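# Remarks on the overall topology
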Amino acid sequence: MIELDALDKLATDAFEGYIVRKDLVRMFSRQFPVPTYVVEFLLGRYCATTNEAEIQEGLDIVQRQLASRTVKAGEEELFKARARETGAVKIIDIITARLDAKTDSYVASLPSLRLNDVRIPPELIKEHERMLTGGFYAEITLGYDAAIAQEKFGRPFGIDGLRAIQLSKRDVLDSLSAGRKKLSTEEWRDVLLRSIGLEPAGMSSRGKDAILLRMVPFVERNYNLVELGPRGTGKSHLFQQVSPYAHLISGGKATVARMFVNNGNGQRGLVCQYDVVCFDEVSGISFDQKDGVNIMKGYMESGEFSRGKESIRADGSIVLVGNFDVDVEHQQRVGHLFGPLPPEMRNDTAFMDRIHSFLPGWDIPKMSPDLYTNHFGLVSDYLSECFSQLRNQSRLSTVQGRVFLGGALSGRDITAVNKTISGLLKLISPDSEAEVNDADLEWAVRLALEVRRRVKEQQKRIGSAEFRNTHFSYTLGQEGVEKFVVTPELQSENSIGTDPLEPGQVWTISPGGVDDNPGLYRIEVTEGPGSGVRILNKPTPTAFQESLRYAEQNLYSRATQLVGDRDPRSHEFSVQLRAFDAAKSGAKLGISALIALAGALLRKPVRGGLVVVGEINLGGSIEDIHNAVNIAEIAIEKGAQALLMPVSCRRQLNELSDDMATKVDIQFYLDARDALLKALVE
């Protein structure tokens, strides 16, 4: 017996009747020839309770129903004979229907009994139109009429009644939205993960984000996603078992007729019939026609493809998943992350440009028994019905006027990022009327920019000049600060990357002192209402405290030159010094401290990859530095792209080796204002 936790109690209260214990599902899903969502439908009916005795009773019923109503291979004639002897038999099967124009009537097909011409009343067709567009699983009462069997061309088998196993209710979103209101965002994310059978407790936040990204193609039309990662992370599970609206193509050939349209008979392909079409083991995929990849490229761009003269629209999302066995950082150094794609897609930057999101599969933990949940989650067919209905909405109005994307994004980048933001917001806030708070919005924006930037970085590696600027950024609100988003595999928090830092942050190198070596630091300043400067470091390094005092006094006395009409005295600055070497004193960092204070006040970031060096005294003069060559070498070793130094260092730097001098762009400043202008992003 499982121990219910707080989230179980919240979820069962918020989604009464739509909730099921996920460990029970695993008991049946291997035993019977039906997908997980069929098992869950029955469990949801008989075991949607927290009462252990009722659950046991329900399990017996589900076991009996699945055993007596699913047709195993070789039992077809047995079930038909039962129908003849008793007049009717109950089965669980996938039912499809078509109009037979010759007799002006509808006929149904039941694949597990190999019956293709079963009578079905038109009322049932009207009630369940999905029979005509690919069918669905149902509990079916199959009748047999001996009198009709005597007639010429008679159809003795008929559908006497059916109950859809996929939800055919239309108002599911209302109940989902109402239940979601009772949970916090964090709790709701965990319920979503449990609903697809995973236990969030042991997962990192990046792992959770990656799994939520897997769900975006289900709620966003025409969404193109690539996921490459190690084996065994459950890449195909979601697309195969959880939703009747998804279709998985496992390795090998994909035919244009099956994917898009059969030109012979006009039959629409998978992208018209399903919400999501997923290619598993993408490295082995090839099309039967030469232009197959081009048709797919066109479809991924516009959601259209042509059959002869007519153009056909579809909104199925395309997902490409594959295995990626090498170390990500190594792969970034030697090639690019689209390496595992088939040759005709691998180096095609136009194909990559149509990918809205590159999901970092390496962030998802390997599937192990303790990663499967034993707690309550939403019944799969209910969840997938909600997902399918969410496709009809857009959340872009939430973003308009609140989020401004940076200048480095092209038109296609903006489209891709907007689609991802919209999808993520639908997942965490299914009610289109609900207010999305800034924290949730920023989470979606950062994630969307990261997964699109990962695509752009690979295009840049292939060498196209048009993809050179990958410094993706965003601003929240009219008065917001521009923030830059990186892909973590490219750089860590603790190295000097090429992206600008947040306003108020500056990389700097201390020249050292009597008993301290030179070392790399980052000064981080935040400003708010109040006055004065506070150092957050405990204990406070004395040498740094002195430099900061000089910087503060120069900011006050030269405010007009440095920050224009802003009054630094009516702001409180909180300062943190982060050391990245053994050196801890933070000596002689006055100029970088002054730039950090002014940058925070102006809300402007310092240029990416820049290290600032130099000390200022109370009178505003710049002090000389005696070990400029040593400092330049440290900056290059730490990955700096540019170095800003006092002009008095110029002669010393003649000693810098030619090899070193080519690796960094060294610029000089005369005074504090010159340094500030050269450091900040234009």
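Residues numbered from 1 in each chain as written. Predicted model: local features only at pLDDT ≥ 70, side-chain atom pairs only at ≥ 80, totals over all residues. Heavy atoms only, no water.

### Quick word on the packing of helix α3 (residues 36-46) against helix α4 (residues 52-69)
When two helices pack together, their arrangement is captured by the angle between the axes and the distance separating the axes. Packing of α3 against α4 brings their axes to within 9 Å, and their N-to-C directions diverge by 140°. Comparing their axes, α4 and α3 come out oblique. Where α3 crosses over α4, the two elements pack in a sense that is right-handed. Each of Leu42, Leu43, Arg45 and Tyr46 in α3 lies in contact with α4, whose residues at this interface are Glu54, Gly58, Leu59, Ile61, Val62, Gln65 and Leu66. Each residue belonging to the contact of α3 with α4 can be placed in one class, and the counts come to 7 nonpolar, 2 polar and 2 charged. (Axes fitted to C-alpha atoms, helices over the stretch in contact; angles between N-to-C directions. Helix = DSSP H or I, 4+ residues; strand = E, 2+ residues; numbered from the N terminus. Parallel < 35°, antiparallel > 145°, perpendicular 65-115°, else oblique. Left-handed = near helix turned anticlockwise from the far one by under 90°. Contact = heavy atoms within 4.5 Å. Nonpolar A, V, L, I, M, F, W, Y, C, P; charged D, E, K, R; others polar.)

### Details of the sheet that holds strand β7 (residues 224-229)
One key point about sheets: their strands pair by backbone hydrogen bonds, in either a parallel or an antiparallel sense. Overall, parallel pairing links the 5 strands, which are arranged β8-β10-β14-β7-β15 in an open sheet. The open sheet has two edge strands, β8 (246-250) and β15 (357-360), and neither has a second partner. When strand polarity is set aside, the average angle formed by the axes of neighbouring strands in this sheet is 20°. Bridge count between β7 and β15: 4 bridges; the pairing is parallel. Within the sheet, the bridge partner assigned to Glu227 lies in β15 and is Leu359. Its contacts with the sheet place helix α10 (residues 205-219) against β7, β8, β10 (276-280), β14 (317-323) and β15, and it is angled at close to 145° to β15. (Pairing = 2+ DSSP bridges.)

### Section: the pairing of strand β25 (residues 642-646)
Burial within β25 is extensive, with 5 of its 5 residues counted as buried. For strand β24 (residues 610-612) and β25, the ladder comprises 3 bridges, and the chain directions are parallel. Within β25, the position partnered with Leu610 by the bridge is Ala642. (Buried < 20%, exposed > 50% of the residue type's maximum accessible area, 1.4 Å probe, protein only.)

### Focus on the packing of aromatic side chains
In the structure shown here, the tally under the stated rule is 10 aromatic pairs. Both rings, one in Phe358 and one in Trp362, keep their centres 6.1 Å apart while their planes meet at 55°; by these two values the pair is tilted. Phe358 sits in the buried class, given a relative accessible area of 0%. Measuring from centroid to centroid gives 5.1 Å for Trp507 and Phe580, while their planes differ by 55°, and the two rings are tilted. Of this pair, Trp507 sits in strand β20 (residues 505-510) while Phe580 sits in the loop between β23 (571-579) and α24 (590-602), and the two are 73 residues apart along the sequence. Exposure remark for Trp507: the relative accessible area of 3% places this residue in the buried category. Given the relative accessible area of 21%, Phe580 is considered partly exposed. Taken together through their ring pairs, the aromatic side chains of Phe218, Phe239 and Phe387 make up a single cluster. (Phe/Tyr/Trp six-rings, centres within 6.5 Å; stacked < 30°, edge-to-face > 60°.)

### Topic: the confidence of the model for the chain
When the pLDDT values of the chain are averaged, the result is 86; 94% of them are 70 or greater. Per-element confidence in the chain is highest for β24, whose mean pLDDT is 96, and lowest for helix α15 (residues 328-334), whose mean pLDDT is 62. (pLDDT = per-residue confidence, 0-100.)

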